[in-house]
Amino acid sequence: MAIALLLIFALAAMTACGGAGKKEGTKKTGGTVTFGTAMDQFGNMDIHYTTAAAPFQAAMQMTEPLIGKDPDGNLFPLLLDEMPEVSEDGLTYSFKLKSGVKFHDGSLLDSGDVKATFEKMLNPKNLSVHAGSITTLIKGAAEYADGKADSISGIEVKDDQNFTITLVSPNASFLNFLSAWQMSIYPAEAATMDGWGTKVFIGTGPYKLKEFEPNSKIVMERFDDYHGGAKKLDSIVFQNMTQNTALMEFEAGNIDLTEVKDTAIISSYLENEEFKDNIVMIEQLGTIALSFNMKMKPFDNPKVREAISIAIDRETIVNKLLKGLGTPAKSFLPKGVLGYDEDLEEFKYDPERAKQLLKEAGYPDGIDVEAITTDTAATTFILQYLAEAFKEANIRMTIQTYDAAGFTDIRNNGKIPMFILTWVSDVGDPNDFMSLYSTPMSQFISNFYENSEYDAQLQKGLTETDLEKRAELYRQLDYKLTRTDYACAPIYHPNAFMLVSKKIKNLRMENCFRLFDAELSE
Amino acid sequence: MMIKYIISRIMQSIIVLIGVTLVTFILVNVVPGDAVSLMLAKRTDQATMDRIRHELGFDRPYTEQYLRFLGNAVRGDFGNSYFEKTPVTEMILRGLKYTVRIALWALLLALALGLGAGIVSAYFHNSLLDRVIMFFSTLGISAPVFWLALLFQIFFGLKLKVLPISGVDKPGSFILPVLTLGITNAASIARISRTSLLEIISQDYIRTAKAKGAGELRVVFKHVLKNAAIPIVTFAGLVVRGLLGGSMLVETVFSIPGFGSLMVSSILTRDIPLMQGCVVYGATIFVLINLLVDLAYSALDPRVRLVKET
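As a starting point, this report considers the structure included with it. Small disclaimer: the values here were computed from a predicted structure and weren't measured.

**So, the environment of Asn 290 of chain B**
Residue and element names in this part refer to chain B.
Reasoning step 1: Relative to the helices and strands, Asn 290 resides in helix α12 (residues 272-300).
Reasoning step 2: On the accessibility criterion, Asn 290 (28% relative accessible area) is partly exposed.
Reasoning step 3: Along the chain, Asn 290 and Gly 237 lie 53 residues apart, while their C-alpha atoms are 6.9 Å from each other.
Reasoning step 4: If we ignore the near neighbours within four places in the chain, the residues touching Asn 290 are Arg 9 and Arg 241.

**Details of the packing of helix α6 (residues 128-142) of chain B against helix α8 (residues 175-201) of chain B**
Residues and elements named next belong to chain B.
Reasoning step 1: At their nearest, the axes of α6 and α8 sit 8 Å apart, and the two run at 135° to each other. Classified by the angle their axes make, α6 and α8 are oblique. Handedness of the crossing formed by α6 with α8: left-handed. Residues Asp 130, Met 134, Ser 137, Thr 138, Gly 140 and Ile 141 of α6 touch α8, and the partners they reach there are Thr 184, Ala 187, Ser 188, Ala 190, Arg 191 and Arg 194.
Reasoning step 2: Grouping the constituent residues of the contact of α6 with α8 by class yields four nonpolar, five polar and three charged.

**Examining the environment of Leu 109 of chain A**
Residue and element names in this part refer to chain A.
Reasoning step 1: As for its placement among the helices and strands, Leu 109 is situated in the loop between β5 (92-96) and α3 (111-121).
Reasoning step 2: Judged by its relative accessible area of 7%, Leu 109 falls in the buried class.
Reasoning step 3: When near neighbours in sequence (up to four residues on either side) are disregarded, Leu 109 contacts Leu 79, Leu 97, Val 101, Phe 103 and Ile 185.

**Some details on the packing of aromatic side chains**
Reasoning step 1: Applying the stated rule across the entire model yields 28 aromatic pairs over all chains.
Reasoning step 2: Geometrically, the ring pair formed by Phe 332 of chain A and Tyr 437 of chain A is edge-to-face, given 5.5 Å between the ring centres and 85° between the ring planes. Taken together, the positions of Phe 332 of chain A in the loop between β14 (327-328) and α11 (351-360) and Tyr 437 of chain A in the loop between α14 (430-434) and α15 (452-463) put the pair 105 residues apart, joining distant regions of the chain.
Reasoning step 3: A residue is classified by how much of its surface remains accessible, and Phe 332 of chain A, at 0% relative accessible area, is buried.
Reasoning step 4: Judged by centre distance (6.4 Å) and plane angle (55°), the rings of Phe 69 of chain B and Phe 78 of chain B are tilted. Accessibility classification places Phe 69 of chain B together with Phe 78 of chain B in one group, the buried group.

**A short note on unusual backbone geometry**
Residues and elements named next belong to chain A.
Reasoning step 1: A cis geometry characterises the amide bond from Lys 297 onward to Pro 298, with omega recorded as 0°.
Reasoning step 2: Structurally, Pro 298 can be placed in the loop between β13 (286-292) and α9 (302-310).
Reasoning step 3: For Phe 448, which is not a glycine, the phi torsion comes out positive at approximately 60°.
Reasoning step 4: For Phe 448, the position within the fold is in the loop between α14 and α15.
Reasoning step 5: For Asn 511, which is not glycine, the phi torsion reads 65° and is therefore positive.
Reasoning step 6: Within the secondary structure, Asn 511 is located in the loop between β20 (504-505) and β21 (519-520).

**With respect to the sheet that holds strand β1 (residues 32-37) of chain A**
Residue and element names in this part refer to chain A.
Reasoning step 1: Taken in spatial order, the seven strands make up an open sheet running β8-β9-β10-β1-β11-β19-β12, and their pairing is mixed. Single-partner strands in this sheet number two, and they are β8 (207-213) and β12 (279-283). In this sheet, adjacent strand axes meet at a mean angle of 25° when their direction is disregarded.
Reasoning step 2: Two strands pair when backbone bridges link them, and strand β11 (residues 257-260) and strand β19 (residues 495-500) are joined in this way by four bridges, in the antiparallel orientation. Within β19, the residue paired with Glu 259 across the bridge is Met 498.

**Section: a nonpolar patch on the surface**
Reasoning step 1: Together, Ile 3, Ile 7, Ile 10, Met 11, Ile 14 and Ile 18 of chain B make up an exposed nonpolar region whose accessible area comes to about 570 Å².
Reasoning step 2: Residue position: Ile 7 of chain B is located in helix α1 (residues 2-30).

**Let's talk about the side chain of Ser 166 of chain B**
Reasoning step 1: Here Ser 166 of chain B shows up in the loop between α7 (145-159) and α8.
Reasoning step 2: The class of Ser 166 of chain B is buried, set by a relative accessible area of 2%.
Reasoning step 3: Contact partners of Ser 166 of chain B, with chain neighbours within four places excluded, come to Met 241, Thr 245 and Glu 249 of chain A together with Gln 153, Phe 254 and Ser 255 of chain B.

**A short note on the nonpolar core**
Reasoning step 1: Leu 66, Phe 118, Ile 138, Phe 174, Ile 218 and Phe 238 of chain A are the most contacted members of the largest nonpolar core, which has 75 residues in total.
Reasoning step 2: For this core, the element with the most residues is helix α2 (residues 53-62) of chain A, which contributes six residues.
Reasoning step 3: Ile 102, Leu 107, Ile 189 and Tyr 297 of chain B belong to the second largest nonpolar core, which has 34 residues in total.

**A word on the packing of α1 of chain B against α12 of chain B**
Residue and element names in this part refer to chain B.
Reasoning step 1: At their nearest, the axes of α1 and α12 sit 10 Å apart, and the two run at 155° to each other. Viewed along their axes, α1 and α12 adopt a mutual orientation that is roughly antiparallel. Of the two elements, α1 crosses α12, and the hand of that crossing is right-handed.
Reasoning step 2: Partitioned by chemical class, the residues of the contact of α1 with α12 number 17 nonpolar, seven polar and two charged.

**Notes on the sheet that holds strand β7 (residues 162-166) of chain A**
Residue and element names in this part refer to chain A.
Reasoning step 1: The four strands are arranged β4-β5-β7-β6 in an open sheet whose pairing can be described as antiparallel. In this open sheet, the two edge strands, each paired with only one partner strand, are β4 (85-86) and β6 (155-157).
Reasoning step 2: Set on the sheet, α3 makes contact with β6 and β7; between it and β6 the angle comes to about 155°.

**What about the pattern of salt bridges?**
Residue and element names in this part refer to chain A.
Reasoning step 1: In the structure shown here, the tally under the stated rule is 28 salt bridges over all chains.
Reasoning step 2: The shortest N-O distance in the salt bridge between Lys 232 and Glu 519 comes to 3.4 Å. Taken together, the positions of Lys 232 in the loop between β9 (217-222) and β10 (235-240) and Glu 519 in strand β21 put the pair 287 residues apart, joining distant regions of the chain.
Reasoning step 3: For Lys 232, a relative accessible area of 52% gives the class exposed.
Reasoning step 4: Across the salt bridge formed by Arg 396 and Asp 368, the nearest N and O atoms sit 2.9 Å from each other. Placement of the pair is Arg 396 in strand β16 (residues 395-402) and Asp 368 in strand β15 (residues 367-374), with a sequence separation of 28 residues.
Reasoning step 5: For Arg 396, a relative accessible area of 34% corresponds to the partly exposed category.
Reasoning step 6: For Asp 368, a relative accessible area of 57% gives the class exposed.
Reasoning step 7: The network of salt bridges with shared partners includes Asp 72, Arg 508 and Glu 510.

**Side note on α7 of chain B**
Reasoning step 1: Over its 15 residues, α7 of chain B extends 20 Å from the first C-alpha to the last, a length consistent with the 21 Å expected when each residue adds 1.5 Å.
Reasoning step 2: Next to the buried residues of α7 of chain B lie α7 (243-251) of chain A together with α8 and α10 (216-253) of chain B.
Reasoning step 3: Immediately beyond the C-terminal end of α7 of chain B, within one or two residues, lies Lys 161 of chain B, with a positive phi of roughly 55°.

Conventions adopted
- Residues numbered from 1 in each chain as written.
- Chains lettered and ligands numbered in written order.
- Predicted model: local features only at pLDDT ≥ 70, side-chain atom pairs only at ≥ 80, totals over all residues.
- Heavy atoms only, no water.
- Helix = DSSP H or I, 4+ residues; strand = E, 2+ residues; numbered from the N terminus.
- Buried < 20%, exposed > 50% of the residue type's maximum accessible area, 1.4 Å probe, protein only.
- Contact = heavy atoms within 4.5 Å.
- Axes fitted to C-alpha atoms, helices over the stretch in contact; angles between N-to-C directions.
- Parallel < 35°, antiparallel > 145°, perpendicular 65-115°, else oblique.
- Left-handed = near helix turned anticlockwise from the far one by under 90°.
- Nonpolar A, V, L, I, M, F, W, Y, C, P; charged D, E, K, R; others polar.
- Phe/Tyr/Trp six-rings, centres within 6.5 Å; stacked < 30°, edge-to-face > 60°.
- Pairing = 2+ DSSP bridges.
- Patch = residues over 30% accessible without salt bridge, like charges linked within 9 Å, V, L, I, M, F, W, Y side chains within 5 Å.
- Areas by Shrake-Rupley, 256 points an atom, 1.4 Å probe, with all protein chains shown as cover.
- Salt bridge = Lys/Arg side-chain N within 4 Å of Asp/Glu carboxyl O.
- Core = buried A, V, L, I, M, F, W, Y, C linked by side-chain atoms within 4.5 Å.
- Expected span 1.5 Å × (residues − 1).

Rendered as structure tokens:
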């Protein structure tokens, strides 16, 4: 009895201390939406230093890039009066900022903030993870990042609202690039502010930071002075939780949405009467492909790569393994990206011909290959299936598992023989896909595809402004990559899935995590 | 005498800690996963990576890197986390706030429940009650922490909806994590205390006390418990260490931003300063607990320190 009493006392005391600090919400009309997600890589809100999903999804509520992208992929001026004017030579872009755009602290956005944001990303002492692409695009950016210049010569501030950006060479995907969320504009003070990203985070977006507990929770509240007009919801909350916990919290009605990555779980919800209408599909621009190391045997032989590519039964993978929740790939470019070839025939699954090809390549007894994956990869089940299925074509595959950091390291060092590449574009430009296999980029995915013709055509694609011609260039590049040289074997185009509460209306998540547009029906 | 013993134990602890820093340093430099290329996600050229490596001092000789790390560690300075850009010590203290709170409550629960069950079991030795308690304690020991955690989440959170499933800021958030950790450890304590109590109960001096007419409760609390304390204290020390280890699992399942989950994510992201800080702080806590347990022995049983001194 004494023990039971002690236990009850202890639990009561904990309830009391657990409850401290919790405030009962004063419910206004707008309401709150809570998103359950993994925040273990969300220690800092500054997306200049991360590529993790959750910080980006939060930043999309609070900050904005100069150019926005609608759910259908069309670009529109977001912080600008109109889309920038391009000079004849395609090198200089003239921008005019929308007037009266306020940051969350009340200060007005001006051209100086834009320049300062770029310079913050390229600060030699604290280089952004996204710095690489800027240094190759904008004139003077590389010199600044190397500490050889005091400012980026290619960005010129004319007055508070007008500025120009000059490129190293003409680039047709530059505006797409500016619409990526890591190109969000911060106030100029961000570069020197104490606690920026951990205690302070200011943007021009529709929601402003209220509370941030690293790796645990972020609360954002409506910014009433938003230049696009105040939004409906009062607040948006991100709460850290693992996938399993998030599903339980959703079923218990404690959170309003969560992403579901496991195909088996998605299909079990789709078969569940109570929750099937809660599953929302978000179309993605991405490709899952088997990527080879062309410096390693036997992948140095194009016939071997072709054999592997045609030994993949893409239909079975999509229909049986993914339960139809993806699209079989016939090219590296997914549908919706310029250069995608609607009329191209599907890859033909042909294990017999694969055997024949291996024989021709000098492997009459087939090949032994090794694929590498990570302990957290959502695509490992594809490899496990392939390891079995490849036996049909005399391909004996073993799978090695590393932790994510170890995997990234050996991949970056070119030591991976073969792995499943997941490439989802946040920009949606064909160059974002095809440049992955350019020199020297391809070495960072342990691929080492080197083709000077390919690289030259890729350059042409960047400067070509005629859409039809540009599309044709990328169509050819894709064909060369996946049907002539077989540098990689595209498998399928994935989609993202979320469990969303039925009370949330107006949610379009394509190209941007637009929680800010959500409304509650009750 | 006592002071001399304490000083010698502290000196031993310091040597252990230096060993820990050395092992940590070596491991960090051996595991695959270069921090600089992870930090920059390899989106930059070799020259920039080399420059950053130089700024972080990664191009210096290992001995120099180690001594600098050791010197800073002594001052509690592990630098800033690569990703959060916050001082490591600040992050660790933030995590410990939750972990210590859960561990303390779980320890209290484990001791109360375990000792209580152990005493009852020993006292009603070989009765049906004893068997029932031992059955449940075997079950408790065998249940993996994360499995128990999931069961509790499903039962109390999802089905009954009486307690929060996860998080730290709802009323009662700490109950399920504490129950999970407390119950598994209570089961072990119950078994240990039952065994050592039984051993003492059969001693001559207990029979003498009973023969002299001392009441049952007085015998149990004054004579039996006091003499059975040493193995129980030893085990309680083990439990505290187990609680810190178990907190990694429990914190992940219940989404608690504690020391355990911080350590796990520092390893997964190769956040070297944070990883080193976590290991050194964790080791210090372990060593301190060991020290306290040893000192508790000598307070409980003077023979311990006398033996050491001869």
